[in-house]
Amino acid sequence: MISVIIPAAGQGKRFGAGKNKAFVLLAGKTILERTAAAFSDIPEVGETVIVVAPDEVEDIREQTKAYPKADTIKVVAGGTERQYSIENALKAVDEKSEIILVHDGARPMVSREVILRVIEAVRENSAVIAAVPVKDTIKSANAEGFVSATPKRSELWAVQTPQGFTKELIMRAYRKAREDDFLGTDDASLVERLGIPVKIILGEYENIKITTPEDLPIANVFLAAGKGKEQL
């Protein structure tokens, strides 16, 4: 059995909508609804755990009654940081779960193909992230704003979600982070601290994270082109 954790507890300040950006409409459906729907027809997925702000839990529980496979959806309260929100979700995961996928609530354009590639890779590698090669030249800078290094573009990847892990591994990584009072930038960074190699599988450039208002029309273009899960 596979469990999907969807963190959607962020305030979305950069989006500027005055509310959680996961509840902003994208082609008539909320971003969160489209994100959850992307996993609804994956047979191996037995449950979806959605994490929202504590004061949003009851409203979202009511909304998810209309989602596909509503009886397999759990809604839990998030924490003050994304990592703490995922930690809360892990406590709610079914004991029968063997693989856990973590996917940003603001990435509604993820395709079935990417999800399946991640699942397949987890069975072979235990820890997997979806990512795409960086197109731009990246510079490192010092505190004064001067370039300090130019990493090789061929070695750089823009990390996406889903990230996938065996349940035992991600649970162990989160326990260790809690013990060490370590706050990572993503789930894979917690696994990396254990010395476990993390496998990169090819994502898709369309799998964007909706962060600012400018991202919405881009997502609409992708939907019009048949990307993502258009029908719920």
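For the structure itself, consult the block above.
Residue numbers here run from 1 along each chain, matching the order of that chain's written sequence. Residues qualify for local features only when their pLDDT is at least 70, as the model is predicted, and side-chain atom pairs are given and counted only at 80 or more; totals for whole chains, interfaces and linings, by contrast, use all residues. To get the side-chain values, all heavy atoms of the structure are used, and hydrogens and water are removed first.

Enquirer: I'd love a proper account of the overall build of the protein, names of residues and values included.
Expert: Tallying secondary structure elements over the protein gives seven helices and 11 strands in all. Radius of gyration: C-alpha atoms only; globule rule: 2.2 Å multiplied by the number of residues to the exponent 0.38. By the compact-globule yardstick of 17 Å for 232 residues, the protein fits well, its C-alpha radius of gyration being 17 Å. With the C-alpha coordinates aligned to their principal axes, the bounding extent of the protein is approximately 50 × 40 × 35 Å. Expressed as a percentage of the 232 residues in the protein, the buried residues total 47%. Between the averaged position of the 31 positive side-chain charges in the protein and that of its 34 negative side-chain charges there is a distance of 2 Å. In this description a helix means any DSSP run of H or I spanning at least four residues, a strand means any run of E spanning at least two, and both kinds are numbered starting from the N terminus. A 1.4 Å probe rolled over the protein chains alone gives each residue an accessible area, and that area as a share of the maximum for its type sets the label: buried under 20%, exposed over 50%, partly exposed in between. Neither His nor the chain termini are counted; the positive set is Lys and Arg, and the negative set is Asp and Glu. The location of each charge is read from NZ of Lys, CZ of Arg, CG of Asp or CD of Glu.

Enquirer: Run through the sheet that holds strand E4 (residues 45–52), naming residues and quoting values.
Expert: Two strands make a pair as long as DSSP finds a minimum of two bridges between them. Pairing in this open sheet of seven strands is mixed, and the strands run E5-E4-E1-E6-E10-E7-E11 from one edge to the other. Each end of this open sheet is capped by a strand with a single partner; those strands are strand E5 (73–77) and strand E11 (199–202). The average angle at which neighbouring strand axes cross in this sheet is 25°, direction not considered. Pairing geometry for strand E7 (residues 127–133) and E11, over four bridges, is parallel. Among the inter-strand pairings, valine 128 is bridged to a residue of E11, identified as lysine 199. Any two residues whose heavy atoms approach within 4.5 Å are treated as being in contact. Only the contacting stretch of a helix is used when fitting its axis, a line to C-alpha atoms as for every element, and angles between N-to-C directions run 0 to 180 degrees. Contacts between helix H4 (residues 112–125) and the sheet are confined to strand E1 (2–7), strand E6 (99–102), E7, strand E10 (157–166) and E11, with E10 contributing the most and set at about 55° to the helix. Against the sheet, helix H5 (residues 167–180) touches E6, E7 and E10, its axis set at about 110° to E10.

Enquirer: I'd like a rundown of the pairing of E4, residues and numbers included.
Expert: The buried fraction of E4 amounts to seven of the eight residues, a majority that puts the element mostly inside the structure. By the bridge criterion, six bridges tie E1 to E4 in an arrangement that is parallel. Following the sheet pairing, valine 4 is matched in E4 by threonine 48. As paired strands, E4 and E5 are joined by five bridges and run parallel to one another. Bridge pairing links valine 52 to alanine 77 in E5. In this fold, E4 hands off to helix H2 (residues 57–63), which returns the chain to E5; that crossover is right-handed. For crossovers, right-handed means that the path from the first strand over the helix to the second runs clockwise, given strands pointing away from the viewer.

Enquirer: Quick one: what's the story with empty space enclosed by the protein, residue by residue and with numbers?
Expert: Cavities and pockets are defined on a 1 Å grid built over the protein atoms alone: a cavity is a set of grid points where a 1.4 Å probe fits but cannot escape, while a pocket is an open set with protein on both sides within 12 Å along at least five of seven lines, and lining residues are those with an atom within 4 Å of any such point. Grid points are joined across faces, edges and corners, and a volume is the space filled by probe spheres set on the points. Tallied over the full model, the rule gives one cavity of 30 Å³ or more. Ala36, Ala37, Phe39, Ser40, Val45, Gly46, Glu47, Thr48, Pro68, Lys69, Thr72 and Ile73 are the residues that line the largest cavity. Counting residues per element, the ones that place at least two in the lining of the largest cavity are helix H1 (31–37) and E4. The biggest single contributor to the lining of the largest cavity is E4, with four residues. Under the grouping applied here, Gly and all other residues not named as nonpolar or charged are polar, the nonpolar ones being Ala, Val, Leu, Ile, Met, Phe, Trp, Tyr, Cys and Pro and the charged ones Asp, Glu, Lys and Arg. Split into classes, the residues belonging to the lining of the largest cavity amount to six nonpolar, four polar and two charged.

Any functional reading would require information beyond the geometric quantities listed.
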